[in-house]
Structure formats: C-alpha cells, structure tokens
Amino acid sequence: MTVYFIGAGPGDPELITVKALKRIQQCPIILYAGSLVPREIFAEVEDSAECIIDTAPLDLVAIIEHIKQAHEQGKDVARVHSGDPSLYGAIGEQIRQLEQLGIDYQIIPGVTATSASAAWLGKELTLSGVSQTIIMTRYEGKTPFPERERLPALAASGATLAIHLGITRIHKIVDELIPHYGEDCPVAVCYRTSWPDQDKVTGTLKDIVKKVRDKKLTRTSLILVGHVLGDTDFQDSYLYDKDQPHIFRPREKREK
C-alpha cells in the first residue's frame, strides 16, 4: 500500500490538480485536515470510499494508527492537506514515522494560498526591476526561529513577502517592515482565499493595521507585502522582447 500526501489547494474544490483528484478517487481510506480542507472535495467518493476521517481533532499518534491499520489491510491512504503539503503541512513528522514503519508514501503537490491570492488580487509577484524574489515565511510564535530567519532579516532583502500565521500580530509585523519597505509599501491581507466567505483588505504599511482590525480578521489570513502589489512602473521582461532573441525565437535575418 501507499500513503499519498495530497495538496488539496487553498479551498476552492476546483483548485485541485487532476492527479490529486484521481488519487483521492482510488484510495479507500481518506484522512483529511477538516479545519482547512473542504468536505466538498470528496463529493464523488462519499459513497464509494470505505471511510473519510477528519483528522482535525486527532494527534499524530492517532493519525499514524489509522495509517498502520490501513497498511496491515493493504489499503492505500489519501492523506489530504490544504494548499501544498510541503509548505506548513506538518508532513515531515508523518513521513518520519512512515519511514520507521517501512510504509511507502508519495507527495502530490497542490496550489498554494500564495499563488491563489495573487490570482485573486490580479497581480504578478515578480516584476522586472521591482522584485525577482518571493519569500514565504511565517511570523514567529510557538515555533522556534533562528535569528537569520526572523522577519527583520528577511525584510532586508526587499523581496516580496508572503507571511503565514501572523494576522494576530500584524501590528508587530508592520513595525518590523516599515524600516525596510517604507510606510507607503502596498500590503494585501487575504482571508480564506477561494472559499465562499473569502475576504481581503488592501492598503499600505501605514494603514493596514486599522483596516484589518476594522474587518476583524483574526485567523486564516495570508499577508502579502511588496512593491509589486502596487507598482505599474516596471520594465517589460526579456521573455517577449523582440530585441532579445533566444533558442525558441531566433533573431530575424535582415535583408542587406
């Protein structure tokens, strides 16, 4: 048997990959993070799957026990996480357990909240001459952070930032970013991107705290920071520049 760690995307059931959906349809045992993954994703297998278990109330030991039982019965498991499981999916600790037990696994990537939020905002997160780097991080909380990864150190790069799990500390985030980005730097806060109750707030580092508090956003929000969110004065990329030939678009021969 195999355990498939599956990225279900940010919330919209249509933002799941074809491969992910096929694996879900093939697995008799489904374990999913019910606090972040919509049950609608399993609509086609509600009657055919042997069991669909919400793991939100379970700890690691209980989750692994379900997998061990499936392994003993030779039944594949779809372990479904939100977004992309390799980003804040807590699959590392599960994989470590599976390797110790000799249980095969595969990872199927998914659409991230960052990419879905950028699409919702109608923005490209990498613009020529503005920012060519995206840093995905989270704000320091219970999880220990090395000094080199604390927000001020990352902000020194001036890169586009996608900050997870920091909405309740947005005032601290703003204080740490203003020295590097300036008060006028654009910010977008996206709440439950692609879910039916999705919401968003846009502004600058100067006014975003008040706007977020007026909306009363306190969880499940992604904070995007960077001049790419508001900059219209950027260079065209070389990709489609007629004066920049490449292997797929050779330079045209000119008549003498």
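Because the structure is predicted, anything quoted here is derived from the model rather than measured.

Give me the lowdown on the sheet that holds strand β3 (residues 51-54), citing residues and values where you can.
An order of β3-β2-β4-β1-β5 is seen for the five strands of this open sheet, with the pairing classed as parallel. Strand pairing shows two members of the sheet lacking a second neighbour, β3 and β5 (104-108), which therefore form its edges. Across this sheet, the average inter-strand angle for adjacent strands is 20 degrees, counted without regard to direction. Where strand β2 (residues 29-32) lies against strand β4 (residues 77-81), four bridges are found, and the strand directions are parallel. Across the sheet, isoleucine 30 pairs through a bridge with alanine 78, a residue of β4. Its contacts with the sheet place helix α1 (residues 18-26) against β1 (2-7), β2, β4 and β5, and it is angled at close to 140 degrees to β1.

For the domain arrangement of the protein, give the residues involved together with the corresponding values.
Each domain of the protein was delimited in the assignment, giving domain 1 (3-108) and domain 2 (113-229). Averaged C-alpha coordinates put domain 1 and domain 2 at centres separated by 29 Å. Roughly 740 Å² of surface becomes buried between domain 1 and domain 2 when both sides are summed, with 71% attributable to carbon and sulfur atoms. Our enumeration of links across domain 1 and domain 2 arrives at zero salt bridges.

Please give an account of the packing of helix α6 (residues 170-181) against helix α7 (residues 208-215) that cites residues and values.
Where α6 meets α7, the closest approach of the two axes is 9 Å, and the angle between their N-to-C directions is 165 degrees. When the axes of α6 and α7 are compared, the pair comes out roughly antiparallel. Regarding α6 and α7, the two cross each other, and that crossing is right-handed. Of α7, the residues touching α6 (which contributes Ile170, His171 and Val174) are Ile208, Val209, Val212 and Arg213. The residue makeup of the contact of α6 with α7, split by class, is five nonpolar, one polar and one charged.

Could you give an account of the nonpolar core, with specific residues and numbers?
In this structure, Ile163, Ile170, Leu177, Val189, Ile208, Ile223 and Val225 are the most contacted members of the largest nonpolar core, which totals 26 residues. At the level of secondary structure, the elements contributing two or more residues to this core comprise α5 (151-155), β7 (160-164), α6, β8 (186-191), α7 and β10 (221-225). Top contributing element to this core by residue count: α6, with five residues. Grouped together as the second largest cluster of nonpolar side chains are 19 residues, Tyr4, Ile6, Ala20 and Ala49 included.

So what about a nonpolar patch on the surface? Which residues, and what values?
A contiguous nonpolar surface patch, about 320 Å² in accessible area, is contributed by Leu87, Tyr88, Ile134 and Met136. Here tyrosine 88 falls in the partly exposed class, since its relative accessible area comes to 43%.

Can you tell me about the UniProt feature "domain: Tetrapyrrole methylase" (unreviewed entry) in the protein, naming the residues and giving the values?
As recorded in UniProt, the sites labelled "domain: Tetrapyrrole methylase" (unreviewed entry) are residues 2-208. Spanning residues 2-208, this segment combines 29% helix with 22% strand, and its end C-alpha atoms are found 45 Å apart.

Can you break down the side chain of threonine 160 residue by residue, with the values?
Here threonine 160 is to be found in strand β7. Given a relative accessible area of 1%, threonine 160 falls into the buried group. Of the polar contacts made by the side chain of threonine 160, one reaches the backbone oxygen of leucine 125; its length is 3.2 Å.

Can you break down the pattern of salt bridges residue by residue, with the values?
Overall, the coordinates contain nine salt bridges when judged by the stated rule. For the salt bridge of arginine 150 with glutamate 147, the shortest nitrogen-to-oxygen distance reads 2.3 Å. The exposure class of arginine 150 is partly exposed, given its relative accessible area of 26%. In this structure glutamate 147 comes out as exposed when scored by relative accessible area, which is 58%. Salt-bridge contacts for aspartate 214 lead to lysine 210; the nearest nitrogen and oxygen are separated by 2.8 Å. Of this pair, aspartate 214 and lysine 210 both sit in helix α7, four residues apart, which is roughly one turn of that helix.

Rules of the game
Each chain carries its own residue numbering, running from 1 in the written order of its sequence. Confidence filtering applies because this is a predicted model: local features only for residues at pLDDT of at least 70, side-chain atom pairs given and counted only at 80 or more, and all residues used for totals across whole chains, interfaces and linings. As a rule here, side-chain values cover all heavy atoms of the structure and leave hydrogens and water aside. Here the rule is simple: two strands pair whenever DSSP picks up at least two bridges between them. Working definition: helices are DSSP H or I runs of at least four residues, strands are E runs of at least two. Numbering for both runs from the N terminus. Angular values range over 0 to 180 degrees, each being the angle between N-to-C directions of two axes fitted as lines to C-alpha atoms, with helices fitted over their stretch in contact. Whether two residues are in contact is decided by their heavy atoms: any pair within 4.5 Å suffices. Segment limits for the domains were obtained from an automatic or database-derived domain assignment. Take the accessible area each of two parts loses on contact, using a 1.4 Å probe, and add the two losses: that sum is the buried area. Just to be clear on terms, a salt bridge is a Lys or Arg side-chain nitrogen sitting within 4 Å of an Asp or Glu carboxyl oxygen. Any angle that falls under 35 degrees is termed roughly parallel, while one over 145 is termed roughly antiparallel, one within 65 to 115 roughly perpendicular, and all others oblique. If you view the pair so one helix is near and one far, a crossing is left-handed when the near helix is turned anticlockwise from the far one by less than a right angle, and right-handed when it is turned clockwise. Nonpolar residues are Ala, Val, Leu, Ile, Met, Phe, Trp, Tyr, Cys and Pro. Charged residues are Asp, Glu, Lys and Arg, and all others, Gly as well, are polar. In plain words, nonpolar cores are sets of buried Ala, Val, Leu, Ile, Met, Phe, Trp, Tyr and Cys residues tied together by side-chain atoms within 4.5 Å. Remark: exposure states derive from per-residue accessible area (1.4 Å probe, protein chains only) relative to the maximum for the residue type, with buried under 20%, exposed over 50%, and partly exposed in between. Put simply, a patch holds well-exposed residues, over 30% relative accessible area, that have no salt bridge, with like charges counted together within 9 Å and Val, Leu, Ile, Met, Phe, Trp or Tyr side chains within 5 Å. Note on areas: these come from Shrake-Rupley sampling with a 1.4 Å probe, and a residue is covered only by the protein chains present in the view. UniProt positions are given in the numbering used here, feature names are shortened, and annotations may be inferred rather than shown by experiment. In protein, a polar contact requires one atom able to donate a hydrogen and another able to accept it; more generally it is a pair of N or O atoms within 3.5 Å, and residues adjacent in sequence count only if both atoms are side-chain atoms.

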